[in-house]
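Here is how the chains run, residue by residue.
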Amino acid sequence: MDIGDYFVNPNTDGKDWIKHKIMGLKWELRRSIEEVEFLAEKYQMKKKYDASEDELSKIHSELRQALEKSRELAFEIRNFS
């Protein structure tokens, strides 16, 4: 069963909305983790090739924000489970 199947299932029971919410949050968490990985690699490459401190600090702050978003999503999933 694909993620989309959970959103179009016409036979819903009382707890189906929880499954929908958790599946949506898991999908969002997966995308957020991919963003964290991308930013971490970008930071490493910029640092390796001597980027300016302004660039590094900007990427660092973006990375922190992405990590915090991932953490919040993980806690939200935990609270629903």
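Residues numbered from 1 in each chain as written. Predicted model: local features only at pLDDT ≥ 70, side-chain atom pairs only at ≥ 80, totals over all residues. Heavy atoms only, no water.

Trainee: Quick question: what am I supposed to make of the overall build of the protein here?
Mentor: Tallying secondary structure elements over the protein gives 3 helices and 0 strands in all. Moving toward the C terminus, one meets the helices and strands of the protein in the order α-α-α. Contacts in the protein between residues at least 24 apart in sequence constitute 63% of all its contacts with a sequence separation of at least 6. A total accessible area of about 6500 Å² is found for the protein, and carbon and sulfur atoms account for 52% of it. (Helix = DSSP H or I, 4+ residues; strand = E, 2+ residues; numbered from the N terminus. Contact = heavy atoms within 4.5 Å. Areas by Shrake-Rupley, 256 points an atom, 1.4 Å probe, with all protein chains shown as cover.)

Trainee: How should I be thinking about the side chain of Ser32 in this particular structure?
Mentor: Note on placement: Ser32 falls in helix α2 (residues 16-48). Taking the relative accessible area as the measure of exposure, Ser32 reaches 2% and is therefore buried. If near-sequence neighbours (up to four positions away) are discounted, Ser32 is found in contact with Ala66, Lys69, Ser70 and Leu73. (Buried < 20%, exposed > 50% of the residue type's maximum accessible area, 1.4 Å probe, protein only.)

Trainee: Is there a simple way to explain helix α3 (residues 53-80) in this structure?
Mentor: Think of an α-helix as turning once every 3.6 residues; residues three or four places apart then point the same way. Taking 1.5 Å per residue as the helical rise, α3 with its 28 residues ought to reach 40 Å, and the 41 Å between its terminal C-alpha atoms agrees with that figure. On the buried face of α3, the contacting elements are α2. (Expected span 1.5 Å × (residues − 1).)

Trainee: In this structure, what is going on with unusual backbone geometry? I would like to understand it.
Mentor: Among all residues save glycine, negative phi is the norm, and among peptide bonds the norm is trans. For Asp50, which is not glycine, the phi torsion reads 55 degrees and is therefore positive. Note that Asp50 resides in the loop between α2 and α3. Note on Asp50: relative accessible area 69%, which makes it exposed.

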